[in-house]
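Chain residues, written in single-letter form:
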Amino acid sequence: MRKSLMLIMVIVLIVLYASLFVVQEGQRGIVLRFGKVRRDRDNKPLIYNPGLHIKIPFIEKVKNLDERIQTMENQADRFVTLEKKDLIVDSYIKWRISDFSRYYLTTGGGDVSQAEVLLKRKFSDRLRSELGRLDVKGIVTDSRNQLMTDVREALNNGTSSDDEKAQITASDNAIASAAARVENESNGTTVVNPNSMAALGIEVVDVRIKQINLPTEVSDAIYQRMRAEREAVARRHRSQGQEEAEKLRATADYEVTRTLAEAERQALITRGEADAETAKLYADAFSEDPAFYAFIRSLRAYENSFNSNNDVMVLSSESDFFRFMKSPDDTVVSHHP
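Note that residues are indexed from 1 along each chain, following the sequence as it is written. The predicted nature of this model means local features are confined to residues of pLDDT at least 70 and side-chain atom pairs, given and counted, to a pLDDT of 80 or more, with totals for whole chains, interfaces and linings taken over all residues. Computation of side-chain values: all heavy atoms of the structure, hydrogens and water removed.

Asks: Looking at this structure, I do not really get the overall build of the chain. What am I missing?
Replies: What counts as a helix is a DSSP run of H or I of at least four residues, what counts as a strand is a run of E of at least two, and both are numbered from the N terminus. Each helix and strand counted, the chain has eleven helices and ten strands in total. A simple rule labels every residue: compare its accessible area, found with a 1.4 Å probe on the protein chains alone, to the largest value its type can have, and call it buried under 20%, exposed over 50%, or partly exposed in between. Relative to its 337 residues, the chain shows a buried fraction of 28%. In the form shown here, the chain has an accessible surface area of approximately 22300 Å², with 54% of it arising from carbon and sulfur atoms. Each accessible area is a Shrake-Rupley estimate made with a 1.4 Å probe; only the visible protein chains count as cover when residues are assessed.

See the structure below:
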């Protein structure tokens, strides 16, 4: 009896444990019964908020889906503008689940990678179409914000133009086929545009372009042209600098020559004035006492002539050169009474 009671308690605990499930914060839960999403009387899917909930054990299963905003990084791709110019655009998308039941069914059980594949294809086609309507200037300036808004709205609401549908048929077919499975299971109670991300139960929160670059071959050509232009400007400035240097050097040489010539002229004038003054002084002194002046000049001549022991002079004793040596006193006295 006691063993039977223990067995019953164990079975009850197992059933109770299998009946309870927890939805974590930041998630939403959907219950699957025999592989189909459980719905209410109005055929709307039952979505469970964070907390503790009950399900039918062994029959129903729970799938928790992340309700937080997801970020999908896109690989840089090549796009063509209105001017038929290639651009390498690097972008990212922020998205979240808006319809958990639809998202689960269209992505093969809530597979994030499959959802991002469909989203990426749709986004690439939409962005390619929008960039094809703008030139490079419009893409890199204020029009880019409007471009991102148009792309986000087109992803969320879809497009209706026949031309736009023709351009993005490949991505639309994949989304439409996934949406058709949902319509069949829900008996067509919810109708959405199969050309939008709402068909996958996804809402695009934001679309941003991180970086816009030119292709490598175009960038290299532009850099080479810019380098050539800068080198031409550098050569022009260098030649202008050399020309200015030559002008300054010529001006400096002229000033030096002019200054030296002026200094030489002034020196000659000063020297001439000094010589004139000297000659005047000599003349004045000679006119005052010519005999004494002649005597002094003779003494200087004697000093200059006999300043070396090796000097030899052959002169006549009657030469006038020795007149002051013969009778210096008489000569000087005779002129100085």
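Asks: For this particular structure, what's the right way to read the packing of aromatic side chains?
Replies: Between the rings of Phe, Tyr and Trp (Trp by its six-membered ring), a pair exists once the centres lie within 6.5 Å; its type follows the angle of the planes, with under 30 degrees stacked, over 60 edge-to-face, and the other angles tilted. What the rule picks out here adds up to two aromatic pairs. Measuring from ring centre to ring centre gives 5.4 Å for Phe-21 and Tyr-48, while their planes differ by 85°; the resulting arrangement is edge-to-face. One end of the pair, Phe-21, is in strand S1 (residues 20–23); the other, Tyr-48, is in strand S4 (residues 47–48), with 27 residues separating them in the sequence. There is no split in this pair, since Phe-21 and Tyr-48 are both buried.

Asks: What should I look at first to understand the pattern of salt bridges in this one?
Replies: The term salt bridge refers to a side-chain nitrogen of Lys or Arg lying within 4 Å of a carboxyl oxygen of Asp or Glu. In total, this model carries 18 salt bridges according to the counting rule given. Note that Glu-130 is salt-bridged to Arg-126, the shortest N-O span being 3.0 Å. Note that Glu-130 and Arg-126 are positioned in helix H3 (residues 112–131) at a spacing of four residues, about one turn of the helix. Residue Glu-153 is joined to Arg-152 by a salt bridge in which the shortest nitrogen-to-oxygen separation is 3.7 Å.

Asks: Looking at this structure, I do not really get the side chain of Arg-28. What am I missing?
Replies: Locating Arg-28 in the fold gives a position in strand S2 (residues 27–33). A distance of 3.0 Å separates polar atoms of two side chains, one belonging to Arg-28 and the other to Glu-67. The contact criterion used is simple: two residues touch if any of their non-hydrogen atoms lie within 4.5 Å. Among all residues touching Arg-28, those that are not within four sequence positions of it are Val-23, Ile-47, Tyr-48, Asn-49, Pro-50, Lys-63, Asn-64, Leu-65, Glu-67 and Phe-100. Residues adjacent in sequence count toward polar contacts only when both atoms are side-chain atoms; beyond that, a polar contact is any pair of N or O atoms within 3.5 Å, and within protein one must be able to donate a hydrogen and the other to accept it.

Asks: I keep staring at the nonpolar core and nothing clicks. Help me out?
Replies: General note: in soluble globular proteins, nonpolar side chains tend to be found buried as a group. Nonpolar cores are built from buried Ala, Val, Leu, Ile, Met, Phe, Trp, Tyr and Cys residues. Side-chain atoms within 4.5 Å join them into one set. Grouped together as the largest cluster of nonpolar side chains are 35 residues, with contacts concentrated most on Leu-127, Met-197 and Val-207. Within the residue set of this core, elements represented by two or more residues are S2, strand S9 (86–97), helix H2 (100–106), H3, helix H5 (143–157) and strand S10 (202–213). The greatest single-element share of this core, amounting to six residues, is contributed by H3.

Asks: Explain unusual backbone geometry here, please?
Replies: Only a minority of non-glycine residues have a phi that is not negative, and only a minority of peptide bonds are not trans. The backbone of Phe-58 sits at a positive phi, close to 65°, despite the residue not being glycine. Here Phe-58 lies in the loop between strand S5 (51–54) and strand S6 (60–66). Phi at Lys-84 is positive, roughly 65°, even though this residue is not glycine. Looking at the secondary structure, you find Lys-84 in the loop between strand S8 (77–80) and S9. Overall, Lys-84 belongs to the exposed group, its relative accessible area being 70%.

Asks: Explain the environment of Asp-135 to me, please; I cannot follow it from the model alone.
Replies: For Asp-135, the location among the structural elements is in the loop between H3 and helix H4 (136–140). The sequence separation of Asp-135 and Lys-84 amounts to 51 residues, and the corresponding C-alpha distance is 8.6 Å. Apart from the residues lying within four places of it in its own chain, the contact partners of Asp-135 are Leu-82 and Glu-83.

Asks: I'm lost on the pairing of S2 in this one. Help?
Replies: Of all the seven residues making up S2, five are buried; the element is thus mostly covered by neighbouring parts of the structure. Strand pairing is assigned whenever DSSP detects at least two bridges linking the two strands. Of the strand pairs in this sheet, S2 and S6 are connected by seven bridges, and their pairing is antiparallel. Directly across from Ile-30, in S6, lies its bridge partner Lys-63. Here S2 pairs with S4 via two bridges, running antiparallel. Each bridged residue has a counterpart across the sheet, and for Ile-30 the counterpart in S4 is Ile-47.

Asks: I tried to follow a nonpolar patch on the surface on my own but got confused; where do I start?
Replies: Together, Leu-7, Val-10, Ile-11, Ile-14, Val-15, Phe-34, Ile-56, Phe-58 and Ile-59 give the surface a local cluster of nonpolar side chains, amounting to about 880 Å² of exposed area. Ile-56 sits in the partly exposed class, given a relative accessible area of 36%. A patch consists of residues exposed above 30% relative accessible area that lack any salt bridge, with like charges linked at up to 9 Å and nonpolar side chains (Val, Leu, Ile, Met, Phe, Trp, Tyr) linked at up to 5 Å.

Asks: Teacher, can you tell me more about the confidence of the model for the chain here?
Replies: When pLDDT drops low, the exact placement of atoms in the prediction is not to be read closely. Summary of the metric used: pLDDT quantifies the predictor's per-residue confidence within the range 0 to 100. Of all residues in the chain, 80% attain a pLDDT of 70 or more, and the chain-wide mean is 80. Within the model, the stretch residues 162–166 combines pLDDT values under 50 with seven contacts to residues more than four positions away or in other chains.

Asks: Hey, could you run me through the environment of Asp-77 in this one?
Replies: Relative to the assigned elements, Asp-77 resides in strand S8. C-alpha of Asp-77 to C-alpha of Ser-91: the two residues are 14 residues apart in sequence and 9.0 Å apart in space. Dropping the residues within four chain positions of it, Asp-77 is found in contact with Leu-87, Ile-88, Val-89, Ser-124 and Arg-128. Side chain to side chain, Asp-77 and Arg-128 meet in a polar contact 3.2 Å long.

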